[in-house]
Structures are given as C-alpha cells and as structure tokens.
Amino acid sequence: MLSLPAVTPSLPSPLTPLSDPALSRAGVELRLKRDDLIDARIPGNKWRKLMPNLRAAVEQGHTHVLTFGGAWSHHIRAVAAAVGPAATGVIRGDELATRPRNPSLAAAEADGMRLAFVSRADYRRLLRGLDEPGVREELRRAHGRCYVVPEGGSNALAARGAAMTAAELPDLGARDVVCCAVGTGGTLAGIAAGLPPGARALGVAALRGDGYLEGEVARLHAAGWGRPFANWTIDHGHHGGGYGRVPPELERFATAFEARHGLRVERRYVAKALLAVHRLAGGPLLPPGTRVTVVVTGPPGEGATRSG
Ligand SMILES: *Cc1c(COP(=O)(O)O)cnc(C)c1O
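1. As for the overall build of the protein
Working step 1: The helix and strand inventory of the protein stands at 11 helices and 10 strands.
Working step 2: A globule of 308 residues ought to have a C-alpha radius of gyration of about 19 Å, and the protein, at 19 Å, matches this closely.
Working step 3: With the C-alpha coordinates of the protein rotated into their principal frame, the extents come out at 60 × 40 × 35 Å.
Working step 4: A total of 308 residues make up the protein; the buried ones form 56% of that total.
Working step 5: Put simply, of all contacts in the protein between residues at least 6 apart along the chain, 73% involve residues at least 24 apart.
Working step 6: As displayed, the protein offers around 13100 Å² of accessible surface, 54% of which is attributable to carbon and sulfur atoms.
Working step 7: Charge separation in the protein, taken as the distance between the mean sites of 38 positive and 28 negative side-chain charges, equals 1 Å.

This is the structure we're talking about:
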C-alpha cells in the first residue's frame, strides 16, 4: 500500500542571518534558508520535491513508486524513508548487486525499499526513455504498475514543490540572490520560478554538467510553468572535480565555516554552494550590496566522498 508518510514537517523552514567576515568585507550579506531542518528522515529539497509526487501518486490510485538513483543518492534514501515497502529503487551499477551494501543502500533496504541494480548503460537508457511508451512498458513488465519518479526526483511537480522555498522568503527584491547547489536542476528550477521580479537565482553545479544542467532547468521550466525564466545562472567553477568529490581545499573551507558558525555542513552539495558564494562575493555575480540566501538543501550525512 502507498500512503503519505505520517510526519509533521517543520515548515516554513528557519531563515538565519549569518555574519561572515570575508563576505562582510566584500559587502555581501549572508542568510541561510535551513531546509535541512524540515524533517530528519526526508530532509531538505528531497521533502520539497518528493511530497507533491507522493500526493499525486496516491491521488492517481498508485500502490507502488519506482525511482532511480546512484549508490549514495539522497533521493533514494528519502523515498525509502517516506514509503519504503511501497517503493523500488533502480540503482545505477549492476556490479553493486553482489557487493556488501554501503550504508545508504543498507538504510534504504532496512526501510523496506526493494533495490533493482542495472548496468550503467541500461540506467542511462531507461532514464532517457522515461517518456517513451516502450521504456514504460519495459518498466511495467519488470516492476508492475508504478508511479515513476525520475532520477533525483526532479520532474515538473518536484520543481513546483521546490518553488515553495522561494515563496517562504519574505521581502525579496533586486539586491537578492538565492543560491543553491545543483544536482539534477529541479531545486534551482523551482527556486528561480518562485522568485519575485528583480531577485535572481544562482545555482552551483555539484557535478560536471556544463550546458547539460542548463538544458534540464529550461526543460523543467517549460514542463512546470510553460515558459522560460531569465533570472537564473549556473556556476560551473566549484564542483571540485565532479560528483561526490571533495578536494582538500573544499574540506578545509567547510571545516573552517563549521567552526566559525557552529553548524555542520553537508559536503557533496551544500559546501560547494557556500564556497562558491565566498569566492564570487564582490564580483559581478554577487556585487557589493547583494544579500545572498544560501538554501541548505540537506543535512550532513555519512555519505561517501572521494578526495582529490
Ligand atoms: C539532492 C540534493 C541536491 C540536488 O538537488 P537537485 O534538485 O537534484 O538539483 C542538492 N543538495 C542536497 C543536499 C541534495 O541532497
């Protein structure tokens, strides 16, 4: 059976001003939008993006959810926490099927999610073909009738859910930039679409995706709002070498930020967004006088990182 998780989210999420010396010197104000505190098990942007999809699935009479992710996917974890026994996770990498589960996949299975491991080639093919009848039929034959949520949970409904983050920010105007890390682009698409005129959105790519990610955000705007938005850009200079990579310099920055402000920072996405803001402060994207609101899209976890 598929039913909505019985949890009470902390919404609206807190908005916290931070005084950071380096940013102050650049004339830039910093605030954190603490979406990481929405729920302990379905946190951050995963809550924003997942709940509208689960509501739609229940309304449409579905009893099972099928979704996609890598071995360390926060999205897979969130879906498992929300509706585990009513969900199947298609996991990238058939070599993982016979290996001991990493903590992320072990937790998903403990929550009752069924895991289906597929080769990287099949994974790509299935995701690219999600709108094609042939691929839908193939998935239906393999997994039964399911409500299908794409990789990272990013579809038009998810982006509309992410727009709520922007809607919760009061008094936004021409001096405001709302910044978030970008994985699949759903969160950035929603935030940009949810901003009032004048305010801008800055996405910081957490992986190598120059050009591709812009296309994804534009596609979500077309699907969710029927029009493009011109108020967003993606920075590609702070992914630290790729998805999951945390070079020593990023680690040093994150550790110092944590010590300065007394909070822990998720490394694979949030730390990259914060480092980008520090690097770009005072420059053309974040000129003096800018108020930056960094969306803390998720809490720190035990996720794997590769250095270098
Ligand atoms: C999943 C995730 C992201 C990426 O969000 P997209 O909507 O896929 O771009 C960013 N930050 C955190 C902490 C995440 O877990």
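2. Description of the sheet that holds strand 7 (residues 176-182)
Working step 1: Across the sheet, 6 strands lie side by side as 1-2-10-7-8-9; this open sheet has mixed pairing. Since the sheet does not close on itself, it has two edges, and those belong to strand 1 (15-18) and strand 9 (232-235), each with one partner. Averaged over all adjacent pairs, the angle separating strand axes in this sheet is 25°, with direction ignored.
Working step 2: Direction of pairing for strand 7 relative to strand 10 (residues 291-295): parallel, over a ladder of 4 bridges. By the bridge assignment, Val178 is partnered in strand 10 with Thr293.
Working step 3: Its contacts with the sheet put helix 9 (residues 212-225) on strand 7, strand 8 (200-205) and strand 9, and the angle it makes with strand 9 is roughly 155°.

3. Re the site of the ligand
Working step 1: In the vicinity of the ligand lie 15 residues, with Lys46, Lys49, His74, Thr184 and Thr297 positioned nearest.
Working step 2: A distance of 2.6 Å separates a nitrogen atom of the ligand from a polar atom in the side chain of Thr297.
Working step 3: Summarising the interface, the protein chains cover 97% of the accessible area of the ligand, which totals 390 Å² for the free molecule.
Working step 4: For the shell around the ligand, the secondary-structure elements that each account for two or more residues are helix 2 (44-59) and helix 8 (186-194).
Working step 5: Here the element with the most residues in the shell around the ligand is helix 2; it accounts for 3 residues.
Working step 6: Within the shell around the ligand, the residues separate by chemical class into 2 nonpolar, 10 polar and 3 charged.
Working step 7: Both domains that furnish three or more residues to the shell around the ligand are identified here as domain 1 (15-43 + 155-295) and domain 2 (46-153).

4. Here we look at unusual backbone geometry
Working step 1: Backbone torsion omega between Leu11 and Pro12 reads -5°, so that peptide bond is classified as cis.
Working step 2: Note on placement: Pro12 falls in the segment before strand 1.
Working step 3: Positive phi outside glycine occurs at Asp171, with the angle close to 60°.
Working step 4: Residue classification places Asp171 among the exposed residues on the basis of a relative accessible area of 68%.

5. A word on the packing of aromatic side chains
Working step 1: All chains considered together, the criterion is met by 4 aromatic pairs.
Working step 2: When the ring of Trp225 is compared with that of Phe229, the centres are 6.1 Å apart and the planes differ by 90°; the resulting orientation is edge-to-face.
Working step 3: Take Trp225: its relative accessible area is 27%, and that puts it in the partly exposed class.
Working step 4: Take Phe229: its relative accessible area is 13%, and that puts it in the buried class.
Working step 5: Taking the centre distance of 6.0 Å and the plane angle of 35° together, the rings of Phe253 and Phe257 count as tilted. Of the two residues, Phe253 and Phe257 both sit in helix 10 (residues 248-261), 4 residues apart, roughly one turn of that helix. Just as Phe253 is buried, Phe257 falls in that class too.
Working step 6: We note Lys46 situated over the ring of Tyr269; from NZ or CZ to the ring centre the distance is 5.9 Å.
Working step 7: Seen from the ring of Phe229, Arg227 lies directly overhead, with NZ or CZ sitting 3.9 Å from the centre.

6. Let's talk about the sheet that holds strand 5 (residues 114-118)
Working step 1: On the basis of which strands lie adjacent, the open sheet formed by 4 strands has the order 5-4-3-6 and parallel pairing. The sheet is open, and its two edges are formed by strand 5 and strand 6 (147-149), each paired on a single side. Strand after strand, the sheet turns through a mean of 20° between neighbouring axes, direction not considered.
Working step 2: Across 5 bridges, strand 3 (residues 65-69) lies against strand 4 (residues 87-92) in parallel orientation. Each bridged residue has a counterpart across the sheet, and for Thr67 the counterpart in strand 4 is Gly89.

About the thresholds
- Residues numbered from 1 in each chain as written.
- Predicted model: local features only at pLDDT ≥ 70, side-chain atom pairs only at ≥ 80, totals over all residues.
- Heavy atoms only, no water.
- Helix = DSSP H or I, 4+ residues; strand = E, 2+ residues; numbered from the N terminus.
- Rg over C-alpha atoms; globule rule 2.2 N^0.38 Å.
- Buried < 20%, exposed > 50% of the residue type's maximum accessible area, 1.4 Å probe, protein only.
- Contact = heavy atoms within 4.5 Å.
- Areas by Shrake-Rupley, 256 points an atom, 1.4 Å probe, with all protein chains shown as cover.
- Lys, Arg positive; Asp, Glu negative; His and termini not counted.
- Charge placed at Lys NZ, Arg CZ, Asp CG, Glu CD.
- Pairing = 2+ DSSP bridges.
- Axes fitted to C-alpha atoms, helices over the stretch in contact; angles between N-to-C directions.
- Near = heavy atom within 4 Å.
- Polar contact = N/O pair within 3.5 Å; in protein donor to acceptor, adjacent residues only side chain to side chain.
- Nonpolar A, V, L, I, M, F, W, Y, C, P; charged D, E, K, R; others polar.
- Domains from an automatic or database assignment.
- Phe/Tyr/Trp six-rings, centres within 6.5 Å; stacked < 30°, edge-to-face > 60°.
- Lys NZ or Arg CZ within 6 Å of the ring centre and 35° of its normal.

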